[in-house]
Structures are given as C-alpha cells and as structure tokens.
Amino acid sequence: MAEAKVLSGAGLRGQIAGETALCTVGKEGAGLTYRGYDVRELAANSDFEEVAYLLFHGELPNRRQLAAYQQKLKSKRDLPVALKEVLERIPADAHPMDVMRTGASVLGTLEPEHSFEQQREVAERLLAVFPAILCYWYRFTHDGVRIECTSDEDTIGGHFLHLLHGKAPSELHRKVMNVSLILYAEHEFNASTFTGRVCASTLSDLYSCVTGSIGSLRGPLHGGANEAAMELIERFSSPQEAVSELLAMIERKDKIMGFGHAIYRESDPRNEVIKQWAKKLAEEAGDSVLYPVSEAIDKTMWEQKKLFPNADFYHASAYHFMGIPTKLFTPIFVCSRVTGWTAHVFEQRANNRIIRPSADYIGVEQRAVPEIDKR
Ligand SMILES: CC(=O)SCCNC(=O)CCNC(=O)[C@H](O)C(C)(C)COP(=O)(O)OP(=O)(O)OC[C@H]1O[C@@H](n2cnc3c(N)ncnc32)[C@H](O)[C@@H]1OP(=O)(O)O
Ligand SMILES: O=C([O-])CC(=O)C(=O)O
C-alpha cells in the first residue's frame, strides 16, 4: 500500500532532483516516514511539536526537551505592532493565503535573518507566529475585534483553535488539530518544498524561501485542494445526489479535488488517519450528511477511476466539524508545512549548489533583428 508510481514524463516526474534525509514518500511498506518514523505512528502517539523538533534536530526529544521546546515556541507567539497594523489594512475579502504570504514577508522586514546562524531561530519564530498572523487578520476583518495573540495552550493546534474561536477548544478538537499538523508537516520534494529549495539554493534568506513556498502551496492542485474538496462536498444534500452528480462530472472529465497523487499509486497513508478522525468528529457533531457524502464520493471515485482520496479530502470535513471557515483550510497547511519547508532549506544550505536545470528549446531558429520600420 501507498507505494510510489512508476514515474515518467512531464513535470520532472521520475527525476532525482537532490538528496534528503528528512522523509520518504511512497516507499513500499511504509508510505510516509519522517526521519525513519512512520507518520501513522507519529500521528497516534506524538505532539506536533515533537515532530517539528524531530525535523529540525534529527531526533525525537525526550520529555524534558519537549517541555522546554513547547515553552520556547509559546514565548515566540506574539506579533510585533507593525505587523498587526499591516494585517489590519488587508481587506476582508483577500485570499487568506495572501495574508500568510504577506505576514511572512513583513516579518522578514521587521526581524530579518542577518546570518544563516539564525536559521533555526527564524524557523521557530515563523512556526510560533503563523496561527496569530492568520487569526489576528481574520478576527479583525470579519468580527471587528483585536484579539490577544498569545494563549496558555501548550500546543500549536490548541493555540490556533483558541485564537480562532476566542475560547479553549475541547480535548477532541485539540487532538485532531495536533494529528492534522503532524500529517501535513513534511512530504519530500513536493511543489512548495521544491520552490523553497530552489530559492534557498541562491543563498537567499529564509523568509524569502517560505514566502515562495506559500505561493506554490496556494494553488488548487496542491494545498488549495482541501478548500476545493469542501466546496464539492457541501454542494450535495445526500449520498445519492453526490453519486449521480459525480458520475456526470467524471463523464465530463472534470478534475475531482482531493483525489489522486503525483507519487502515491494506491493510497495516501495520511488519508486513513484523518478519515478516522473526521468520522469521530461527524459523530460528535451528529452529522448525517457531510461524512456520508464524503464516503460516497470516495467509493465512487475508486469504482469509476481507481483514484483514492489524498491527505486533503477528509481534512475538509474534519476542519469543517471543528468550526473552521473553509477559506482558512489551506493556511493551516502553512502552519504545519513551515516545519518541512524550513528543514529542507537547512538541508539545502548544508550542501548547496545553485539549482539551475536546462530546457529543451522549441522556439524559432536564430534570426536577424529587423529594423523597427520593417516589422
Ligand atoms: C497535499 C497535496 O498537495 S495532495 C494533492 C492535492 N491536489 C488535488 O487533490 C487536486 C486533484 N488531483 C490532481 O490534480 C492530480 O491527481 C495531482 C495534481 C495531485 C497529481 O497529478 P499527476 O501526477 O499529473 O496525476 P496522474 O499522472 O496520476 O494522472 C493520471 C490521470 O488521472 C487523472 N486524474 C488524476 N487526478 C484526478 C482527479 N483528482 N480527478 C480526475 N482525474 C484525475 C489525470 O487527469 C490523468 O488523466 P489523463 O492521463 O487522461 O490526463
Ligand atoms: O507530495 C506532493 O506532491 C503533494 C503532497 O501530498 C504534499 O505536499 O503533502
């Protein structure tokens, strides 16, 4: 299960574009590992901060190290006043991924990375501050309130939900956010990470790398698929309606968001984990539509196209059941993947050569430049 496809063709498929010690994707037996650990085991037993520590330091923390790390991240959560002022000026109808991109970029002007020796501090600052960047802007522009950007929540997942809803989340919701952040943390040379590595290879600063990565993640073929999946699911009021409309979409050769993967062949190992939690949340919410509709789409896609849900599909209903507005789904991915992105930048910097591939030229033959009056 979760094996890699035989790769060929466009999109740099099948090309080895570098080395990494961070992650394997689609390796037989364990579909996704972070530094050798199966993501399903990490999601069952760990805090997201343990995974962040693992990606940055190479090994899991012990209990004392984890407590110190969580405390350190907690102390870095507040936003500079100048950043709050910028966030207040971004319109309510802006794309929240543009808010994340701008937030990272502005922080880079206020707290620049002067030397690569600061790289871990900068990465931890970004990790700690992203939930507040998103929620400060969202609550100010949608509810007219200036929220506190700190909370006494120990975990980043709990902190995010606390800022968003203005109150402490339930244990179940804390747990699901924690699992979700673990599942999204790292995924080898995906498009947004590769963007970050290309930027790093020019010896640029960490904020530029992360800002570029956010831009790549924003698209619906990558991180944006969780929002697109939600828009699909909530269109239907019953599994029967979902199946008949889906068959028409398949007939029209529409792309069904939240399905398929560039590397996995038969399943995405993150899906089985988030699917279970989405089911639990559906039961808790007394839902009798969204989850059954999701399952009907899942079943039909497999029967008709042999396409399986990727990490994004059941994340849509899981986030929805926790009261998270759809347009904030992809920014949550940023709050998590910033760990993978920055760990890849550290790796690139440690063994760097500028990334500069070649192209096959398919344009016209060489020719003389005609005088402007003769064109
Ligand atoms: C966390 C993440 O970023 S996971 C990815 C999130 N993205 C999505 O969910 C968007 C929907 N999925 C897709 O667009 C694609 O599956 C991608 C972008 C993820 C992978 O793209 P590719 O590697 O090019 O897909 P692949 O080579 O497997 O495609 C094979 C065929 O299946 C089709 N296909 C793949 N995914 C889908 C889909 N979701 N719906 C309909 N058809 C699909 C392709 O169109 C292609 O058909 P063709 O040969 O007739 O052109
Ligand atoms: O690996 C990919 O191409 C996309 C993906 O699932 C991720 O980045 O999590």
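Residues numbered from 1 in each chain as written. Chains lettered and ligands numbered in written order. Predicted model: local features only at pLDDT ≥ 70, side-chain atom pairs only at ≥ 80, totals over all residues. Heavy atoms only, no water.

**Brief notes about the side chain of E50**
And then number 1: Along the chain, E50 turns up in helix α2 (residues 48-57).
And then number 2: In this structure E50 is buried but unpaired, with R63 as the nearest side chain of opposite charge at 8.0 Å.
And then number 3: Polar contacts involving the side chain of E50 include one to the main-chain amide nitrogen of D47, which spans 2.7 Å.
And then number 4: With residues up to four places along the chain from it excluded, the contact list for E50 reads N45, L60, P61 and L66. (Helix = DSSP H or I, 4+ residues; strand = E, 2+ residues; numbered from the N terminus. Buried < 20%, exposed > 50% of the residue type's maximum accessible area, 1.4 Å probe, protein only. Lys, Arg positive; Asp, Glu negative; His and termini not counted. Salt bridge = Lys/Arg side-chain N within 4 Å of Asp/Glu carboxyl O. Polar contact = N/O pair within 3.5 Å; in protein donor to acceptor, adjacent residues only side chain to side chain. Contact = heavy atoms within 4.5 Å.)

**Describing the packing of aromatic side chains**
And then number 1: One pass over the full model with this rule turns up 10 aromatic pairs.
And then number 2: Plain terms: the ring middles of Y53 and Y69 are 5.2 Å apart, the flat faces sit at 85 degrees to each other, and that makes the pair edge-to-face. Here Y53 is found in helix α2, whereas its partner Y69 is found in helix α3 (residues 63-74), with 16 residues between them in sequence. Here Y53 matches Y69 in class, with each residue buried.
And then number 3: Geometrically, the ring pair formed by F313 and Y314 is edge-to-face, given 5.1 Å between the ring centres and 85 degrees between the ring planes. You'll find F313 and Y314 in the same group, each marked buried.
And then number 4: Connected via pairs of aromatic rings, a cluster forms that spans F259, Y291, F313 and Y314.
And then number 5: A cation over a ring is seen here: K280 above W277, with NZ or CZ 4.7 Å from the ring centre.
And then number 6: The ring centre of F116 lies 3.6 Å from the NZ or CZ of R349, which sits over that ring. (Phe/Tyr/Trp six-rings, centres within 6.5 Å; stacked < 30°, edge-to-face > 60°. Lys NZ or Arg CZ within 6 Å of the ring centre and 35° of its normal.)

**Considering the site of ligand 2**
And then number 1: Taken together, the neighbourhood of ligand 2 is formed by H187, N190, H222, H261, R270, F333 and R337.
And then number 2: Residue H261 places a side-chain N or O atom 2.7 Å away from an oxygen atom belonging to ligand 2.
And then number 3: Separating an oxygen atom of ligand 2 from a side-chain N or O atom of R270 is a distance of 2.7 Å.
And then number 4: Coverage of ligand 2 by the protein chains reaches 84% of its 260 Å² of free accessible surface. (Near = heavy atom within 4 Å. Areas by Shrake-Rupley, 256 points an atom, 1.4 Å probe, with all protein chains shown as cover.)

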